[in-house]
Amino acid sequence: MAIHDVECCDVYQVHEELVKEVNEKMPDEDTLYDLAELFKVFGDSTRIRILYVLFEAELCVCDIAQTLNMTQSAISHQLKILKQSRLVKNRKEGKQVFYSLADDHVRTIIFQGREHIDE
């Protein structure tokens with residue numbers, strides 16, 4: 001898409017009051033960066049698949065790997081990223097580690113994204 005395909009104003013006129021109001025409500029740069037990083041985590045289909053699995057039940061790495069027909073190593077790598085982003089949590093039971101969604105926000109984010117693409 002060329003830049004000329006985007007509609008622009010025919011005249012350059014800044015609406016100072018609106019610009020000021022918007023700038024006052026903008027989050028700080030650190031918050032915007034963190035938000036962008038969070039959405040990057042959702043940019044991987046394997047991680048989305050893992051989250052969908054965890055919608056249904058708390059599972060150990062072996063169960064997730066079997067469900068998604070992937071290696072435990074591949075699943076562990078993705079779970080590490082999801083855990084660092086505070087999207088999943090884990091608990092140890094004997095020699096097994098069980099994973100679950102960190103909170104209901106994760107489900108909400110995924111469902112709202114799904115609603116958006118289904119429109």
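One can find the structure itself at the top, above this paragraph.
Parameters at a glance
Residues numbered from 1 in each chain as written. Predicted model: local features only at pLDDT ≥ 70, side-chain atom pairs only at ≥ 80, totals over all residues. Heavy atoms only, no water. 1 Å grid on protein atoms, 1.4 Å probe; cavity = no way out; pocket = protein on both sides within 12 Å on 5 of 7 lines; lining within 4 Å. Points joined across faces, edges and corners; volume = space filled by probe spheres on them. Helix = DSSP H or I, 4+ residues; strand = E, 2+ residues; numbered from the N terminus. Nonpolar A, V, L, I, M, F, W, Y, C, P; charged D, E, K, R; others polar. Buried < 20%, exposed > 50% of the residue type's maximum accessible area, 1.4 Å probe, protein only. Polar contact = N/O pair within 3.5 Å; in protein donor to acceptor, adjacent residues only side chain to side chain. Disulfide = S-S within 2.5 Å.

Undergrad: If you had to explain the layout of surface pockets to someone new, which residues and values would you point to?
TA: Reported here for the largest pocket is a volume of approximately 270 Å³. Those elements that place two or more of their residues in the lining of the largest pocket are helix 2 (29-41) and helix 6 (104-118). No other element matches the four residues that helix 2 contributes to the lining of the largest pocket. Partitioning the lining of the largest pocket into residue classes produces five nonpolar, three polar and four charged.

Undergrad: Give a description of the environment of Lys-40 that names residues and reports values.
TA: Along the polypeptide, Lys-40 turns up in helix 2. Classification of Lys-40 by relative accessible area gives exposed; the value is 53%. In terms of polar contacts, Lys-40 uses its side chain to reach the side chain of Glu-37, at 2.9 Å.

Undergrad: An account of the state of the cysteines is needed here, citing residue identities and associated values.
TA: In the structure shown here, the tally under the stated rule is zero disulfides. Cys-60 carries a free sulfur, and the closest cysteine sulfur to it, the one in Cys-62, is 4.2 Å from it. Since its relative accessible area comes to 3%, Cys-60 is described here as buried. When its relative accessible area of 39% is taken as the criterion, Cys-62 is described as partly exposed.

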